[in-house]
Amino acid sequence: MPVPNCDSGKGLTAVPISGVKPEIFRHVLYYAYGGKVQGGDLEYHAKEIIEASNKFGVVNLKLEAEACFVESTAISIDNMKDLLLYSDAMNCAHMKEAVMDFIVENKEGVLERHP
């Protein structure tokens, strides 16, 4: 099914991209062509940008989004397990290191909640 405004009679064909919101893909594409994702957008959509960057191999954008996510996310005993699993699944070394540092610094509280 053609996408509106894509078939202008000039031989253009729409390419469906699944699993990524259009606004997130726009950020990835803009970055890949030399643009810069604004800080507010990067912070607000950090996880989605990490996932899309990982999917399309835009490593530097993934690292920027990961750093922004780590800076803007408060790691707690309640979310540390989810963040650790997410960082492992997305190959986010900086995030994984931040969670592991949190666990080491708060080992007593962690062991109380997760024996």
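Fair warning: this is a prediction, and the values are worked out from it, not measured in the lab. (Residues numbered from 1 in each chain as written. Predicted model: local features only at pLDDT ≥ 70, side-chain atom pairs only at ≥ 80, totals over all residues. Heavy atoms only, no water.)

**Let's talk about the overall build of the protein**
No. 1: Along its length, the protein carries seven helices and zero strands.
No. 2: Ordered by position from the N terminus, the helices and strands of the protein form the series α-α-α-α-α-α-α.
No. 3: The globule rule puts the C-alpha radius of gyration for 115 residues at 13 Å, and the 18 Å found for the protein is more than 25% above it.
No. 4: Counting only C-alpha atoms, the protein reaches 65 × 25 × 20 Å along its principal axes.
No. 5: Here the protein, with 115 residues, has 30% of them falling under the buried criterion.
No. 6: Across the protein, contacts joining residues at least 24 apart in sequence account for 54% of those joining residues at least 6 apart.
No. 7: Taken as a whole, the protein presents about 8,000 Å² of accessible surface, with 56% of it coming from carbon and sulfur.
No. 8: Side chains of the protein carry 11 positive and 17 negative charges; the gap between the two charge centres is 6 Å. (Helix = DSSP H or I, 4+ residues; strand = E, 2+ residues; numbered from the N terminus. Rg over C-alpha atoms; globule rule 2.2 N^0.38 Å. Buried < 20%, exposed > 50% of the residue type's maximum accessible area, 1.4 Å probe, protein only. Contact = heavy atoms within 4.5 Å. Areas by Shrake-Rupley, 256 points an atom, 1.4 Å probe, with all protein chains shown as cover. Lys, Arg positive; Asp, Glu negative; His and termini not counted. Charge placed at Lys NZ, Arg CZ, Asp CG, Glu CD.)

**Some remarks on unusual backbone geometry**
No. 1: Positive phi, close to 55°, is recorded for Asn91, a residue that is not glycine.
No. 2: Its place among the elements puts Asn91 in the loop between helix H5 (80-89) and helix H6 (93-105).
No. 3: The exposed category is assigned to Asn91, whose relative accessible area is 59%.

**With respect to the packing of aromatic side chains**
No. 1: Inspection of the entire model under this criterion finds one aromatic pair.
No. 2: Measuring from ring centre to ring centre gives 5.4 Å for Phe25 and Phe56, while their planes differ by 70°; the resulting arrangement is edge-to-face. One end of the pair, Phe25, is in helix H1 (residues 22-32); the other, Phe56, is in helix H3 (residues 46-56), and 31 residues separate them in sequence.
No. 3: Above the ring of Tyr86, the side-chain terminus of Lys47 is found at 4.4 Å from the ring centroid. (Phe/Tyr/Trp six-rings, centres within 6.5 Å; stacked < 30°, edge-to-face > 60°. Lys NZ or Arg CZ within 6 Å of the ring centre and 35° of its normal.)

**Considerations on the packing of H5 against H6**
No. 1: Orientation of H5 relative to H6, taken along the N-to-C sense of each, is 150°, at an axis distance of 8 Å. Taken together, the axes of H5 and H6 are roughly antiparallel relative to one another. The two elements H5 and H6 meet at a crossing, and its hand is left-handed. Every residue of H6 that contacts H5 at Met80, Leu83, Leu84, Tyr86, Ser87 and Asp88 is listed here: Met95, Lys96, Val99, Met100, Phe102 and Ile103.
No. 2: Residue composition of the contact of H5 with H6, grouped by class: nine nonpolar, one polar and two charged. (Axes fitted to C-alpha atoms, helices over the stretch in contact; angles between N-to-C directions. Parallel < 35°, antiparallel > 145°, perpendicular 65-115°, else oblique. Left-handed = near helix turned anticlockwise from the far one by under 90°. Nonpolar A, V, L, I, M, F, W, Y, C, P; charged D, E, K, R; others polar.)

Read these as layout, nothing more, since geometry by itself doesn't imply function.
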